[in-house]
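# Observations on the model geometry
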Amino acid sequence: MRNDNWSCTGVRPAGLIIRQKDPNNLEMPFDQLGEFITPTELFYIRSHFPTPELDPVAYRLSIGGAVGKALRLSYAEIRAMPSRTRVATLECAGNGRVFLVPPVPGAQWELGAVGNAEWTGVPLSLLLERAGLADDVCEIVLEGADRGMPKEEPKPPGPISYARSIPRARAMESDVLIAYQMNGRDLTPDHGYPLRAIVPGHYGMASVKWLTNVVATTQPFQGYWQTSDYGYWDDSAGVPVRRPLAEMKLKSQIARPRVYETLEPNRSYCIFGAAWAGDTDVTEISISDDGGASWVQGEFLDPINRHAWRRWKYDWITPTQPGRYTLLARATGADQRTQPDGHDPNFGSYVIDHPLPIEVFVAAL
Ligand SMILES: Nc1nc2c(c(=O)[nH]1)N[C@H]1C(S)=C(S)[C@@H](COP(=O)(O)O)O[C@H]1N2
Ligand SMILES: [Mo]
């Protein structure tokens, strides 16, 4: 509980915005961004199928496929293993979709399908080492207990479970967790209780919830969520090829002010937001109040911490001239790359990583 005020008009604990009722797809009102860690009750929920109810006593995690010794572990056995805690930002690959013009199908996320939480669990590498990967294993498939019929074409022949793979080398890095806690508490049902994967730096789709099967494969996994959905068109020597989405692109978002907020002229206003990246560190943040014609530097509130976002601010003096102004934020990474000017259509309705315009009004209140 963030606030004890139960009066009718007082400030209330914040909740989420429904994008879809069943399955649960809810986003954070991003203007509620505050602390470095997103409180669990403000963390977005993105589920393709109804939340499965899993009994922690009957629950087993299977590790199989091309391994020396297949494992079946209980929840208690996993909780007794050495654990690690780390902070990681998860962003849904479709976050910001509502900003695309013309509109595209899919959940119409605004800015809130992203959050930064502290995850505790067992490194996946520990389990894979115990099972013993065959030499020719190239990918690790992570499968959840949820099942259903996808809504988007081309539809598979029947109900499928949610499953994604990650390359072997990534799976063996110690930061990939089989997590059972989020922000110091057991996972909630919507966030994957009893166990979920956390793949820091990848778009949220890689962090499979309600994890029940880990399968080592010797062929690249071609499942629905790897090809039809959560894929993009890449170029291979002039030939378009389909590849699975993986690392989050460098991105920044403005939390405050909000779209169409009215601000008083010639006043100080703290523009506030966050920036993150999947395969580099965010090192610079630029802000524009004229739709990108000119840029100034903002300041970071958080140090560099790989795969965790950095909140930033800019102490702005609002224009003296009343009117409509377009604010933009643009991050630069340690690799000297910056956010692109527009959306790349090869990513379809995903990877909305260009600076998103926040239009505000300056007027005497
Ligand atoms: N089993 C399962 N895991 C899943 C999903 C799902 O539908 N089923 N959705 C994925 C997607 S697209 C995202 S963005 C993240 C969201 O995690 P969250 O709901 O905890 O925020 O979970 C991923 N893991
Ligand atoms: Mo997602």
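Residues numbered from 1 in each chain as written. Chains lettered and ligands numbered in written order. Predicted model: local features only at pLDDT ≥ 70, side-chain atom pairs only at ≥ 80, totals over all residues. Heavy atoms only, no water.

With that settled, the discussion passes to the nonpolar core. Residues L61, L124 and I140 are the most contacted members of the largest nonpolar core, which totals 84 residues. Two domains each donate at least three residues to this core, and these are domain 1 (51-83 + 115-244) and domain 2 (251-362). For I140, the residues in contact, after removing those within four places along its chain, are L124, L128, L133, R164, S165, I166, A171, V214, V215 and A216. Membership of the second largest hydrophobic core comes to 15 residues, among which are F43, L90, A113 and A117. (Core = buried A, V, L, I, M, F, W, Y, C linked by side-chain atoms within 4.5 Å. Buried < 20%, exposed > 50% of the residue type's maximum accessible area, 1.4 Å probe, protein only. Domains from an automatic or database assignment. Contact = heavy atoms within 4.5 Å.)

Now for the pattern of salt bridges. Overall, the coordinates contain 15 salt bridges when judged by the stated rule. Residue R19 is joined to E27 by a salt bridge in which the shortest nitrogen-to-oxygen separation is 2.5 Å. Look at E27 and you get buried, because its relative accessible area is 1%. Between R170 and D175 there is a salt bridge, with the nearest N and O atoms lying 2.9 Å from each other. (Salt bridge = Lys/Arg side-chain N within 4 Å of Asp/Glu carboxyl O.)

A separate point is the pairing of strand β22 (residues 310-317). Of all eight residues in β22, six are buried; the element is thus mostly enclosed. One ladder, built from two bridges, connects strand β21 (residues 299-300) with β22; its direction is antiparallel. Bridge pairing in β22 places E299 opposite K313. (Helix = DSSP H or I, 4+ residues; strand = E, 2+ residues; numbered from the N terminus. Pairing = 2+ DSSP bridges.)

What follows concerns the sheet that holds strand β17 (residues 262-263). Judged by pairing direction, the sheet is mixed, and its five strands sit side by side in the order β17-β24-β23-β19-β20 without closing on themselves. Taken across any chain shown, the strands that pair with only one partner, and hence form the sheet edges, are β17 and β20 (296-297).

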